[in-house]
Amino acid sequence: MATLAQAFRRFGEAGPAGTLYERVALALSESTDALNAIEKAPARKRRPELILAALHDLALAGHAPALAAAYAARDGDAAAAAAIDTLLRKPDAVSDLVVRRRPRADETGRGAVLYPLVAEAAHRAGATAVGLIDVECGAGFNLTVDRVGISYGTGRWLGDPSSPVQLTCSIVGNRPVPVRALPEVVARVGVDREPLDVTDPDDARWLRACLPPDRPERAARLEAELALAAKTPPLLLRGDAVELLPEALARVPADALPVVTTTWALSRFPAQRRVLFVQRLQEASAARTVAWVSAEGVGAAPTVPTYGDRPASGHSILAVAASEGPVLQAEAVGRCWSRGRLLAWLG
């Protein structure tokens with residue numbers, strides 16, 4: 001129990017001071033009864049961010065009204081007391097949620113790096129239509145990349161300036177981001193072991209629950225992402241991405257270019273599965289032209305050059321791979337930081 005208490009204390013102290021989650025996490029770390037309730041969950045599911053998301057989900061669903069009221073009032077002391085009370089009254093409900101769910105942070109705006117990468121891949125292949133296949137898709141927000149608006153802080157814009165989802169990205173260095181427009185997107189396929197369907201109320205509520213309750217700007221962005229994704233829900237394939245890749249590729253019409261996207265997804269794969277993932281792409285390229293665009297940590301994506309950067313450098317490599325016959329050749333085209341909020345285009 002001491003280790004669990006330390007985990008919640010560290011979580012509370014690591015975040016910004018004065019937040020609701022700081023107060024709640026510290027209170028849970030100091031409550032023996034609350035920690036006993038948390039221990040009803042499997043050991044690997046006792047992570048503070050997951051427990052707090054489960055409590056938030058119960059509040060949003062109307063099953064913890066005192067906690068919901070405290071969150072709405074931004075009352076840290078009341079939230080701490082209500083969180084402990086909810087854990088003591090509903091330990092099984094909390095445990096059930098954390099067993100079924102995992103933390104999500106899907107309101108990230110990865111389109112700022114994906115848009116120019118997909119456009120570059122289509123340009124190299126001479127494609128007039130593309131089918132997007134997102135690996136570890138979560139709620140599929142990457143699959144709306146053609147329908148967002150992006151400002152690069154240099155007077156350059158990409159995408160739809162009237163979109164409800166507007167992203168910003170700062171450019172590092174002197175080389176501008178290409179301003180090629182994306183061709184028509186004719187297929188949107190997401191692959192994930194646990195995909196989230198934005199049209200399912202429970203899944204959408206879980207995405208909301210994974211945000212701190214006192215971050216209205218993040219909540220507003222998530223609502224815009226949810227609304228945009230719900231207009232054209234993707235086809236979701238549940239299972240292992242390596243095994244499902246052939247099926248996903250088959251869902252893209254023959255006259256469109258399949259573009260497989262990985263954004264900080266391969267790092268969650270064991271090393272051998274990463275290699276096998278690339279092999280699957282190579283096999284598919286023998287039958288049709290395919291493309292793969294990636295934003296992954298240095299060294300996480302097999303066959304992608306790294307500019308000689310070190311794996312622990314703190315940034316990610318942007319790459320485009322397009323097949324020419326049976327060969328899928330990857331080329332690094334840039335670096336990015338902070339999950340795409342800073343970008344250096346080098347291609």
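The structure contained in this document is the topic of the report that follows. Just so it is clear, the structure is predicted and the values come from calculations on it, not from any experiment. (Residues numbered from 1 in each chain as written. Predicted model: local features only at pLDDT ≥ 70, side-chain atom pairs only at ≥ 80, totals over all residues. Heavy atoms only, no water.)

1. Concerning the pairing of strand β6 (residues 184-192)
Note on strand geometry: in a regular strand, side chains alternate between the two faces of the sheet. Most of β6 sits inside the fold, with 7 of its 9 residues counted as buried. Sheet topology note: the strand β1 (residues 129-135)/β6 ladder contains 7 bridges and is parallel. Each bridged residue has a counterpart across the sheet, and for V135 the counterpart in β6 is V191. Pairing geometry for β6 and strand β7 (residues 235-238), over 4 bridges, is parallel. Residue pairing across strands places G190 opposite L236, the latter belonging to β7. (Buried < 20%, exposed > 50% of the residue type's maximum accessible area, 1.4 Å probe, protein only. Helix = DSSP H or I, 4+ residues; strand = E, 2+ residues; numbered from the N terminus. Pairing = 2+ DSSP bridges.)

2. Here we look at the packing of aromatic side chains
Within the structure shown, the criterion is met by 2 aromatic pairs. For the ring pair Y21 and Y71, a centre distance of 6.4 Å and an interplane angle of 65° mean the geometry is edge-to-face. Taken together, the positions of Y21 in helix α2 (residues 20-29) and Y71 in helix α5 (residues 65-73) put the pair 50 residues apart, joining distant regions of the chain. Residue class for Y21 comes out buried when judged on its relative accessible area of 9%. Taking 5.8 Å as the distance between ring centres and 80° as the angle between the ring planes, the aromatic pair formed by F277 and W292 counts as edge-to-face. In this pair, F277 sits in helix α12 (residues 271-285) while W292 sits in strand β9 (residues 291-297), placing the two residues 15 residues apart along the sequence. Exposure class is identical for F277 and W292. Each is buried. (Phe/Tyr/Trp six-rings, centres within 6.5 Å; stacked < 30°, edge-to-face > 60°.)

3. Quick look at the pairing of strand β10 (residues 316-324)
Buried residues dominate β10, accounting for 8 of its 9 residues. Two strands pair when backbone bridges link them, and β9 and β10 are joined in this way by 7 bridges, in the antiparallel orientation. Residue pairing for β10: W292 is matched across the bridge by A321. Relative to strand β11 (residues 327-337), β10 is paired through 9 bridges, and the arrangement is antiparallel. Its bridge partner being in β11, V320 is matched across the sheet by E331.

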